[in-house]
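# A structural walkthrough
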Amino acid sequence: MKPNRRDVLKYSAASAALLGVAACSDDDKDKPDGKSSDTPKSGAPKPAGAAGTTLERTLVLGPPGPGGYRKVVAGPGEPHLLRSELVPGGGSGDKAKRRSLVAFTQLTDIHIQDAQSTARVDFLDRHSDKDQPFAKLLPFQSAYRPQEVLTAQIAEAMVQSLNRIGKGPALGAPLAFTICTGDNTDNIQFNELRWYIDVLDGGRKVTPDSGDRNRYEGPMDAVAYHERYWHPDGTPPGQKDDVPRAQYGYPTVPGLLDACRRPFDATGLKTPWYSAYGNHDGLVQGNLPVSELLGKVAVGDEKVLDISPGQTVVALALGLQSGKPDALAALLAGPKRKVTADPDRRLVDRAETIREHFNTTGLPKGHGFTQQNLDTKTAYYTFDQGPVRCLVLDTVNSYGSDSGCLDPTQFAWLEDQLVKGSSSHLDERGGVVRGTGQDRLFVLFSHHTIETMTNKTVPAGEPARILGPQVLALLLRFPNVVLWVNGHTHDNKVKPYPRPAGSAVPGGFWEINTASHIDWPSQARIVEIADNANGTLSIFGTIIDSAGPESHGNKLDSPLALAALARELAGNDWQERDRPDPKVDGRRGRLEDRNVELLVPAPFSPSGA
């Protein structure tokens, strides 16, 4: 959700044309070992702040071993690539005159998870395995992941990495804040919410365990053994080896199911941190509205193991997607096992999620949410950093489905905020409207991307939802919008949104979408915005790996070792191994989606010159 502003009239209307990516050629391809053919040589100059970032060193998947399983290995660093699609022929000018406006970190799709939860339907995931008849039709991928028992440790390792870096690698300004752009938890549970807040706050022990504190009770133990799950302790007597180990080369890691539940001391972010609301924060498994039935299941002592006899997975999927109540009942009617109940697995709504952010030792209190959010039970707000006004949106549809939207009230609020922070903008026909607002640069944050704001779900009689194209049209009318930062897709992707050719104000805005913590490549991103003092802004995006080492080294004694193991497991997910486009390294994205310098016309002089 971010473009730029007004006096850009000095640039020609040709800025709507797309240019390409500096230093990238058509034959830039990712090699089978995960290393890019166009990756810079180790002797290439790097910014002074490159240490600890992927400017200095990348982590990639090495050559395949038995079953195609690949270890994580170090690769060469990747410099910032200049992208000037929104300023054709433009450059960032004299770097000595450049001034940093803000530097911050984006964490997204952390998915801190209670992997033993009775409210999880992990058994659906196996129907998306490639050898299953309806795998390509079903929406059940990621209902189970081998690394899901290690989400709290992944978050801790990322916190340690960011604290070590401490500044923007391109410009050297201290990191002003961290923002988490949704799916901070995985299943809208109270215990997950507390683990998330406590890991980012730090200063206390976090125990990522639920139910029986003396043993793991979930799909990877031997109690209700199923060969489609990875069993790190090995094969129980009388059972077949599980598919991940037998076919895909997954290792045996004895003791993991105890190590993943041990308490650890949370380090806590050194920066203030803010929070956005994602579909997994607001819907059961990121899709289903909270209901009395699901609430009872969450705090109960029975865990569903499979679909019920006579039920077909396709009919079940169609029923769930259409919101049929009998489909939910059918989903929960299958065979079950007894587990230990836990009241902290209770489901939380938007209001309680907001309220819990005030139960914190970190800053700011509420983590962006305000008293108005508490009173109105809304999850959108603003905060300022110098000349930058940050607009945090709530794109979750509480009526269900994983895709996003805005309600009409929030959309009107968004337009009002843009008007107040703009001395001029474009009307719906493209004409310039002079206003009285004080100019701010706008950076928007949300969980969903423009392309994933497709959720039309509303009960009969409710007003229609505002979808991505409508939001995009609004933002392009306000040149002060320069950037929209979001998550949801779990992919690294950077996309320009230009204003139409012939617009009275050329330019547009950039959308930065960053990979998740829970899936490969388990990364975050530092974003820096600079005034180039030549009529342009530069937006630097730098990918960050967690502090977990390349390999866990057969150690399970620290969050960093466990985070390293989690990254390796995620990189070998058997449902995501295909690389149909040789230029795209899975969810790492293309080279031009990772470390970038993005040019955009400066709508006014944010440095005050």
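Structure's up top.
It should be emphasised that the depicted structure is a prediction, and the values quoted were computed from it without experimental measurement.

### What to know about the environment of Arg579
Positionally, Arg579 belongs in the loop between helix 13 (559–571) and strand 21 (596–601). Given the relative accessible area of 26%, Arg579 is considered partly exposed. Between the alpha carbons of Arg579 and Trp484 there is a distance of 28 Å; along the sequence they are 95 residues apart. Side-chain polar atoms of Arg579 contact the backbone oxygen of Arg577, separated by 3.4 Å.

### Brief notes about the pairing of strand 5 (residues 177–181)
Across the five residues of strand 5, five count as buried, placing the element largely inside the fold. Side-chain alternation along strand 5 places Phe177, Ile179 and Thr181 on one buried face and Thr178 and Cys180 on a second face that is also buried. Pairing between strand 4 (residues 99–107) and strand 5: four bridges, direction parallel. Bridge assignment links Thr105 to a residue of strand 5, and that residue is Thr178. What joins strand 4 to strand 5 is helix 1 (residues 151–165), and the crossover it makes is right-handed.

### A few points about the state of the cysteines
Note on terminology: disulfide describes a covalent bond linking the sulfur atoms of two cysteines. For the structure on display, the rule yields zero disulfides. For Cys390, which is in no disulfide, the shortest distance to another cysteine sulfur is to Cys180 and amounts to 14 Å.

### Notes on the nonpolar core
In this structure, Leu124, Tyr196, Leu200 and Leu331 are the most contacted members of the largest nonpolar core, which totals 77 residues. In this view, Leu200 contacts Leu107, Val159, Cys180, Gly268, Leu269 and Trp273; residues no more than four positions away in its chain are not counted. Of all hydrophobic cores here, the second largest spans 37 residues; its members include Tyr381, Val388, Val482 and Ile512.

### A word on the packing of helix 1 against helix 13
Following both chains from N to C, one finds helix 1 and helix 13 inclined at 110 degrees, their axes separated by 8 Å at the closest point. Viewed along their axes, helix 1 and helix 13 adopt a mutual orientation that is roughly perpendicular. The handedness of the crossing between helix 1 and helix 13 is left-handed. Across from Gln153, Ile154, Glu156, Ala157, Gln160 and Arg164 in helix 1, the residues of helix 13 making contact are Pro559, Leu560, Leu562, Ala563 and Ala566. Across the contact of helix 1 with helix 13, the residue classes tally to seven nonpolar, two polar and two charged.

### Quick look at helix 12 (residues 468–475)
Every buried residue belonging to helix 12 is among Gly468, Val471, Leu472, Leu474 and Leu475, and all of these are buried. Buried residues of helix 12, viewed axially, fall in a sector of 160 degrees; they line one side. Looking at the buried positions of helix 12, the neighbouring elements they touch are helix 11 (408–420), strand 15 (441–445), strand 16 (481–486), strand 17 (493–498) and strand 18 (508–513).

### Concerning the sheet that holds strand 4
With mixed pairing, the seven strands of this open sheet are ordered in space as 3-21-20-19-4-5-8. The open sheet has two edge strands with one neighbour each: strand 3 (81–83) and strand 8 (273–276). Averaged over all neighbouring strand pairs, the angle between strand axes comes to 25 degrees, with direction disregarded. Here helix 1 sits on the sheet in contact with strand 4, strand 19 (523–531) and strand 20 (536–545), set at roughly 130 degrees to strand 20.

### A few points about the sheet that holds strand 17
Read from one edge to the other, the open sheet built from six strands follows the order 11-12-15-16-18-17, with strand pairing classed as mixed. Of all strands in the sheet, those with a lone pairing partner are strand 11 (381–385) and strand 17, marking the two edges. Mean inter-strand twist for the sheet, computed between neighbouring axes without regard to direction, equals 20 degrees. Lying over the sheet, helix 11 contacts strand 11, strand 12 (388–392), strand 15 and strand 16, oriented at roughly 180 degrees with respect to strand 12. This element, helix 12, spans strand 15, strand 16, strand 17 and strand 18 of the sheet and lies at about 150 degrees to strand 16.

### Observations concerning unusual backbone geometry
The amide bond that connects Leu363 to the next residue, Pro364, takes the cis arrangement and shows omega of -10 degrees. Examined against the element boundaries, Pro364 turns out to sit in the loop between helix 9 (350–356) and helix 10 (371–376). Residues other than glycine seldom take positive phi values, yet His111 does so here, at roughly 55 degrees. Here His111 is to be found in the loop between strand 4 and helix 1. We classify His111 as buried; its relative accessible area is 2%. Of note in this structure, Asn554 is not a glycine but carries a positive phi near 60 degrees.

### Observations concerning the packing of aromatic side chains
On inspection of all chains with the given rule, the structure shows 16 aromatic pairs. Taking the centre distance of 5.4 Å and the plane angle of 75 degrees together, the rings of Phe104 and Phe445 count as edge-to-face. Taken together, the residues span a long stretch of sequence, with Phe104 in strand 4 and Phe445 in strand 15 at a distance of 341 residues. Of the two residues, Phe104 and Phe445, both sit in the buried class. Through successive ring pairs, a cluster of aromatic residues spans Phe104, Phe177, Tyr274, Phe369, Tyr381, Phe383 and Phe445. It is Arg346 that lies over the ring of Phe190; its NZ or CZ is 4.3 Å from the centre.

Conventions we followed
- Residue numbering note: each chain is counted from 1, following its sequence as written.
- It should be noted that, the model being predicted, local features are given only for residues of pLDDT at least 70 and side-chain atom pairs only at 80 or more, the latter also being counted only at that level, while totals for whole chains, interfaces and linings use all residues.
- With hydrogens and water excluded, all non-hydrogen atoms of the structure serve as input to the side-chain values.
- Put simply, DSSP marks the helices as runs of H or I at least four residues long and the strands as runs of E at least two long, and each gets a number from the N terminus on.
- Relative accessibility thresholds used throughout: buried, under 20% of the residue-type maximum; exposed, over 50%; partly exposed, between the two (1.4 Å probe, protein chains only).
- For the purposes of these results, a polar contact is taken to be a pair of N or O atoms within 3.5 Å, where, inside protein, one atom must be able to donate a hydrogen and its partner to accept one; residues adjacent in sequence count only when each atom of the pair is a side-chain atom.
- Only strands that DSSP links by at least two bridges are regarded as paired with each other.
- A right-handed crossover is one whose linking path, passing over the helix from the first strand to the second, runs clockwise when the strands point away from the viewer.
- Cysteine sulfur atoms are paired as a disulfide whenever they come within 2.5 Å of each other.
- Side-chain atoms within 4.5 Å are what join buried Ala, Val, Leu, Ile, Met, Phe, Trp, Tyr and Cys residues into a set we call a nonpolar core.
- Contact definition: two residues touch when any of their heavy atoms are within 4.5 Å.
- Angles run from 0 to 180 degrees between N-to-C directions of axes, and those axes are lines fitted to C-alpha atoms, restricted for helices to the stretch in contact.
- Working rule for angles: under 35 degrees goes down as roughly parallel, over 145 as roughly antiparallel, 65 to 115 as roughly perpendicular, anything else as oblique.
- Handedness of a helix crossing follows the sense of rotation of the near helix relative to the far helix, less than a right angle counterclockwise being left-handed and clockwise being right-handed.
- For this classification, Asp, Glu, Lys and Arg are treated as charged, while Ala, Val, Leu, Ile, Met, Phe, Trp, Tyr, Cys and Pro are nonpolar and the rest, including Gly, are polar.
- This arc is built from the directions going out from the helix axis to the C-beta atoms.
- Stacked, edge-to-face and tilted are the three classes for Phe, Tyr and Trp ring pairs, Trp counted by its six-membered ring, which pair at centre distances within 6.5 Å; planes under 30 degrees apart are stacked, over 60 edge-to-face, the rest tilted.
- Placement of a positive charge over a ring is assigned whenever Lys NZ or Arg CZ falls within 6 Å of the ring centre and within 35 degrees of the normal to the ring plane.

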